[in-house]
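The residues making up each chain are set out below.
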Amino acid sequence: MTPPPAAPHPTRVVVLRALGLGDLLAAVPALRALRGALPDASVTLLGPRDVGRLLLDAGLVDAVVAHQGLDPLPEAVHGADLAVNLHGKGPQSHRLLRATRPGRLVGFADVTTGTVGPVWDDTEHERARWCRLVRETFGVSADPDDARISPELPEPLARAAVVVHPGAAAGSRRWPAERWAEVAARVAAHGDVVVTGSPAERTLAREVAAGASLPPESVLAGTTDVRDLAALVASARLVLSSDTGVAHLAPAFGTPSVTLFGPTSPTTWGPPPGRTHRVLWRGDTVGASYQGDPHGVLIDPVLGSIEVAEVVAAAEAALAQGMRPPSVGTPQA
């Protein structure tokens, strides 16, 4: 069957970004630009419900339909005027959206699915990539550094703390626990430190806290959902982590951060430029084009080459500047 003609002024738009916390936050500038391009449209995000709620509360989307990965999309999102692929370059994600029979599909060019659009660039920064798609499709401005959000948030479990987040989804992006413990012990001289993570990372968080001689109540891993973690980061003095989801929460709320990169370069996943966010990256010592495996089991050698002293120096410099995020949102129960 032939799909219905595209609406000249789409009122029903679906956006696919069925990825994790950091991936979805990297799409914030593109979502903001899309909202500007289609101010009268109702935008439904197909993605994780918990992270999606942050964007819903921030006014970037109008609804969230829970979805993860590339499973078939529910009937409720079929027949939209416009489907926007912020998930990937295709062809799988293009086919997924085409199966919902939208009036028009916006995505990167793909011969196998007949999708016409901008050409994908593997070297492009993640935020810039999706901004370019929106900018070239709709002719609107899209600033990849405009990553801030201001949703309503619950009362944070700790205020003005240094957040140490030692975990990551893959072993290649996990800096050793004993080094995080050394860093946590040093920065604890400047104020409260809390250790965050998923329920599966609670043992890791306890190991870091014990190695730093922090009190048991400093371990918040496994006690926070996405909104709790966002509230904690929004009120924090500093966030210390490797290249993982929480590293993207810090720029979202203007909270100072120090992020340890490897195996992926900050040129493709780093925070917006400026003194608020510091990155530690040794890949340039290996080669300008170095790219390890972000899903590897063993720690990437570039990440492993970062020393405790470097992290402590960057953290103390950030704390000495006294940069604090502005009040974010309105706390609610």
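Residues numbered from 1 in each chain as written. Predicted model: local features only at pLDDT ≥ 70, side-chain atom pairs only at ≥ 80, totals over all residues. Heavy atoms only, no water.

Caption draft 1: Structural view of the overall build of the chain. What the chain contains, in helices and strands, is 12 helices and 10 strands. The C-alpha radius of gyration of the chain comes to 20 Å, within 12% of the 20 Å expected for a compact globule of 333 residues. Each principal axis of the C-alpha atoms in the chain carries an extent, and together these give about 65 × 50 × 35 Å. Looking at the chain as a whole, 55% of its 333 residues are labelled buried. Sequence separation of at least 24 residues holds for 65% of the intrachain contacts in the chain that already meet a minimum separation of 6. (Helix = DSSP H or I, 4+ residues; strand = E, 2+ residues; numbered from the N terminus. Rg over C-alpha atoms; globule rule 2.2 N^0.38 Å. Buried < 20%, exposed > 50% of the residue type's maximum accessible area, 1.4 Å probe, protein only. Contact = heavy atoms within 4.5 Å.)

Caption draft 2: Representation of the pairing of strand E3 (residues 63-66) within the structure. When strand E2 (residues 42-47) meets E3, the two strands line up parallel, connected through four bridges. The partner of Leu-45 across the bridge, within E3, is Val-64. Handedness of the E2-helix H3 (residues 49-57)-E3 crossover: right-handed. (Pairing = 2+ DSSP bridges. Right-handed = clockwise from strand over helix to strand, strands pointing away.)

Caption draft 3: Representation of the pattern of salt bridges. On inspection of all chains with the given rule, the structure shows 10 salt bridges. Between Glu-126 and Arg-17 there is a salt bridge, and its shortest N-O distance comes to 2.9 Å. Remark: Arg-17 occurs in the loop between strand E1 (12-16) and helix H1 (21-26) and Glu-126 occurs in helix H5 (residues 126-138); sequence separation between them is 109 residues. In this structure Glu-126 comes out as buried when scored by relative accessible area, which is 8%. A salt bridge links Arg-35 to Asp-62, with the shortest nitrogen-to-oxygen separation between them at 2.9 Å. Of this pair, Arg-35 sits in helix H2 (residues 28-37) while Asp-62 sits in the loop between H3 and E3, and the two are 27 residues apart along the sequence. Classification of Arg-35 as buried rests on a relative accessible area of 18%. By relative accessible area, Asp-62 is classed as partly exposed at 38%. Taken together, the shared-partner salt bridges connect Arg-17, Glu-126 and Arg-129 into one network. (Salt bridge = Lys/Arg side-chain N within 4 Å of Asp/Glu carboxyl O.)

That's the geometry; what it means functionally is another story.
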